[in-house]
Amino acid sequence: MSLDKETVKNIAFLARIKTPEEELDHLAKELSNILGWVEQLGEVDTEGVDPMTGAAGAALPRRLDVVNDGGDRESVLANAPERDGGFFAVPKVIE
Amino acid sequence: MTSALNHLTIAEAGEGLAKGDFTSEELTAACLKAMDAQRQLNAFITETPELALKRAKASDTRRAKGQALGAMDGIPVAVKDLFCTEGVLTTAASHILDGFVPTYESTVSANLRDAGAVMLGKTNMDEFAMGSSNETSYYGPVLSPWKGKDGKDLAPGGSSGGSAAAVAARLCLGAAGTDTGGSIRQPASFCGVVGLKPTYGRCSRWGTVAFASSLDQAGPLTRTVLDAAIMLQAMAGHDPKDSTSAPLDAPDFSKAPGAGVKGLRVGIPKEYRVDGMAGEIEDLWKKGAQWLKQAGAEIIGVSLPHSKYALPAYYIVAPAEASANLARYDGVRYGLRVEGDSLDDMYMNTRGQGFGKEVRRRVLIGAYVLSAGFYDAYYAKAQKTRTLIARDFERAFESVDVLLTPTAPSAAFAIGEKMDDPIAMYLNDVFTVPASMAGLPGISVPAGLNGDGLPLGLQLIAKAFDEETLLSAAQALETAAGFEGKADAF
């Protein structure tokens, strides 16, 4: 799979990573190389094989549905780049 | 005496503390002095001398009252800067976590603290643990305490490069690292120390900055196999806060190194004899098998037919998980924010400037392989291949108890040598990634020096939750190898 500049631009937008126009060609080449290399997986016969989604035991543990944490607003907000009272502050999103 | 205290192993220091030969404060001071003298290695991102001395004194006070906590009480250790530490800057070696001071402690570092270990500081690493040379750190590369024959600066390996360098340079007695595809074992091999990646689920991931959640696992880097057992004991254990943490009590790992290997069946996977591997690594591998045989083990050839597909499958699975995990760095809740005209603009600017080159590369690969229309061709294919890799190991472990392989296809390379070729860099992990994909425990033991006088490690891989066999076999290797290689300046 060879990626073109436009595709890379679109992925970078989807990943919300600003990428300077002049880096796109080089990045497209680099990513194409990596994808070309991983495509050797095409040789593997995976017909009827289940995907392995993790390395841990299959069953997730359960716990009682009780409140066991929370109510710690100051701690949650302690590292906010910008806050307004008890809230995280972001650029205006609604006109 | 005091100046040499930082050269002691954890086991030796534990004895000395118990006998009252010296205090934890003296031991800690010796490490802090060594850190000071070796700052050019850039092994630490943040040093915490005041906190260390406070914890050392507290340890001494406990001991004086007859309330010492165990083998790690008063032992100075370094902690990779991927573990969140309460009140101490935690960066994951990324610009995007600028100024992040967690209000909580990761389970692994809390376990070490609660066992009485003294944290000296947070070690340098590849950004978000993505790298095999410690060169992707926003805080600059770590230098290996070993030097090339021509005097060139060498990479310590990665991503736990700062942890490995700190142990090798005797700046600490042990260090906590993390391993996703080889990030404990490969730097251990490069720096001539022991590095143990436990079974997935043995150590809690809670409070550890996530890279690839189905692979990430914490483990110790130490100077001896016994020390790895002692330190793992303190780090491991079930944690309800991590749903993938195994609900098992850790056995007494410190007994395992002394158990011997009589009758142990050691598998040699033929697929690990890869093209282009240095002859001296192949020779060392054979020597390792010979050592185990002489110690009473039986050597058996085995096959892991899907080995060559582990690395490409990993480079789909790990970036996919990383792209999801790293979505949280948005400039809103912590770390760097780069302003923009709109919310989207702010996200794009923050992530564009906050992530380094290799992290951007992996997030983009991850986003691509997960995107509509490509998911089945890449991500699902890689997960199915992962099943086949895990099955290979299951079959091999029907006839053997442990596998012996080289840790890395080469000794340490020079800083800058592989930075322009991502795939060449990824190939460093060709021997460590398969066990990671299967969730199995692995250990790298320093086994000899190459022609240039640089350390080479051998890797052992065991069944899930059989770290004890891993440690027994590792001890046999360590004893036979008699590795006394010391980095140049030490």
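Bear in mind that the values here come from a model prediction, so they are computed numbers and not experimental data.

Details of the sheet that holds strand E7 (residues 265-269) of chain B
Residue and element names in this part refer to chain B. Pairing is mixed in the open sheet, where 11 strands are placed in the order E1-E3-E2-E4-E6-E5-E10-E11-E9-E7-E8. Whereas interior strands pair on both sides, the edge strands pair on one side only; in this sheet they are strand E1 (44-47) and strand E8 (298-302). Averaged over all pairs of adjacent strands, the angle between their axes in this sheet comes to 30°, without regard to strand direction. Pairing geometry for E7 and E8, over 5 bridges, is parallel. Directly across from Val266, in E8, lies its bridge partner Ile299.

Here we look at the confidence of the model for chain B
On average, chain B scores 96 in pLDDT, and the residues at 70 or more come to 99%. Scored as a complex, the prediction yields pTM 0.97 and ipTM 0.95.

Some words on the interface of chain B and chain A
The interface is formed by 60 residues belonging to chain B together with 48 residues belonging to chain A. Both sides of the chain B and chain A interface together cover about 4,800 Å² of buried area, and 70% of this is carbon and sulfur. When residues of chain B are sorted by the area they lose upon contact with chain A, Met348(B), Leu364(B) and Tyr368(B) head the list and together hold 14% of the total. Between chain B and chain A we count 5 salt bridges in total. A salt bridge links Arg337(B) to Glu82(A), with the nearest nitrogen and oxygen atoms 2.9 Å apart. The interface formed by chain B and chain A contains 18 residue pairs in polar contact (both at pLDDT 80 or more). Of all elements in the fold, only helix H9 (310-325), helix H10 (343-354), helix H11 (357-370), helix H12 (376-396), helix H13 (422-426) and helix H14 (433-438) of chain B reach the threshold of two or more residues within the side of chain B that touches chain A. Here the side of chain B that touches chain A takes 11 residues from H12(B), the largest share from any one element. Among the residues forming the side of chain B that touches chain A, the class breakdown is 33 nonpolar, 15 polar and 12 charged.

Comments concerning the pairing of strand E10 (residues 442-449) of chain B
Residues and elements named next belong to chain B. Most of E10 is tucked away, with 7 of its 8 residues classed as buried. Direction of pairing for strand E5 (residues 194-197) relative to E10: antiparallel, over a ladder of 3 bridges. What sits directly across from Lys197, in E10, is Gly442. Turn length for the E10-strand E11 (residues 455-462) hairpin, with the two strands adjacent in sequence and antiparallel, is 5 residues, and the turn residue Gly453 shows positive phi of about 80°.

Focus: the side chain of Asn450(B)
All names here are of chain B. In this structure, Asn450 sits in the loop between E10 and E11. Given the relative accessible area of 12%, Asn450 is considered buried. Side-chain polar atoms of Asn450 contact the backbone nitrogen of Asp452, separated by 2.9 Å.

Observations concerning H11(B)
In this model, H11(B) (14 residues) spans 20 Å end to end at C-alpha, consistent with the 20 Å of a helix rising 1.5 Å per residue. Of all 14 residues that make up H11(B), 12 are buried, and the element is covered over most of its length. Every buried residue belonging to H11(B) is among Glu358(B), Val359(B), Arg360(B), Arg361(B), Arg362(B), Val363(B), Leu364(B), Ile365(B), Gly366(B), Ala367(B), Tyr368(B) and Val369(B), and all of these are buried. Each element contacted by the buried residues of H11(B) is listed here: helix H1 (5-14) and helix H2 (24-38) of chain A together with H9, H10, H12 and H13 of chain B.

Observations concerning the nonpolar core
Residues and elements named next belong to chain B. Ranked by internal contacts, the top residues of the largest apolar core, which has 183 residues, are Met72, Phe128, Leu171, Phe393, Leu404, Ile443 and Leu460. The greatest single-element share of this core, amounting to 10 residues, is contributed by H9. Contact partners of Leu404, with chain neighbours within four places excluded, come to Val266, Gly267, Ile268, Pro269, Trp285, Gly288, Ala289, Leu292, Leu458, Gln459, Leu460 and Leu477.

Describing the side chain of Glu467(B)
Among the secondary structure elements, Glu467(B) is positioned in helix H15 (residues 467-481). Here the side chain of Glu467(B) touches Thr199(B) through a polar contact of 2.7 Å, side chain to side chain.

Thoughts on unusual backbone geometry
Residue and element names in this part refer to chain B. With an omega of 10°, the peptide bond running from Gly158 to Ser159 counts as cis. As for its position among the elements, Ser159 is in the loop between strand E3 (118-123) and helix H5 (161-168). Residue Ala93 is not a glycine yet carries a positive backbone phi of 60°.

Thoughts on the environment of Lys463(B)
Residue and element names in this part refer to chain B. Along the chain, the position of Lys463 falls in the loop between E11 and H15. We classify Lys463 as partly exposed; its relative accessible area is 31%. Measuring from C-alpha to C-alpha, the distance between Lys463 and Val402 comes to 7.2 Å, with 61 residues separating the pair along the chain. Every residue in contact with Lys463, bar those within four places of it in the chain, is listed here: Thr199, Phe397, Val400, Asp401, Leu440 and Pro441.

Structural notes on the packing of aromatic side chains
All told, the structure shown has 18 aromatic pairs over all chains when counted by the stated rule. Judged by centre distance (6.0 Å) and plane angle (55°), the rings of Trp37(A) and Tyr315(B) are tilted. Remark: Tyr315(B) occurs in helix H9 and Trp37(A) occurs in helix H2; the pair is interchain, linking two chains. As far as the burial class goes, Trp37(A) and Tyr315(B) line up, both buried.

What about the packing of H2(A) against H11(B)?
The N-to-C vectors of H2(A) and H11(B) enclose an angle of 60°; their axes lie 11 Å apart at closest approach. Where H2(A) crosses over H11(B), the handedness of that crossing is right-handed. Across from Leu27(A), Glu30(A), Leu31(A), Ile34(A) and Leu35(A) in H2(A), the residues of H11(B) making contact are Arg361(B), Leu364(B), Ile365(B), Tyr368(B) and Val369(B). By residue class, the composition of the contact of H2(A) with H11(B) is 8 nonpolar, no polar and 2 charged.

Definitions and cut-offs
Residues numbered from 1 in each chain as written. Chains lettered and ligands numbered in written order. Predicted model: local features only at pLDDT ≥ 70, side-chain atom pairs only at ≥ 80, totals over all residues. Heavy atoms only, no water. Pairing = 2+ DSSP bridges. Helix = DSSP H or I, 4+ residues; strand = E, 2+ residues; numbered from the N terminus. Axes fitted to C-alpha atoms, helices over the stretch in contact; angles between N-to-C directions. pLDDT = per-residue confidence, 0-100. Contact = heavy atoms within 4.5 Å. Buried area = accessible area lost by both parts, 1.4 Å probe. Salt bridge = Lys/Arg side-chain N within 4 Å of Asp/Glu carboxyl O. Polar contact = N/O pair within 3.5 Å; in protein donor to acceptor, adjacent residues only side chain to side chain. Nonpolar A, V, L, I, M, F, W, Y, C, P; charged D, E, K, R; others polar. Buried < 20%, exposed > 50% of the residue type's maximum accessible area, 1.4 Å probe, protein only. Expected span 1.5 Å × (residues − 1). Core = buried A, V, L, I, M, F, W, Y, C linked by side-chain atoms within 4.5 Å. Phe/Tyr/Trp six-rings, centres within 6.5 Å; stacked < 30°, edge-to-face > 60°. Left-handed = near helix turned anticlockwise from the far one by under 90°.

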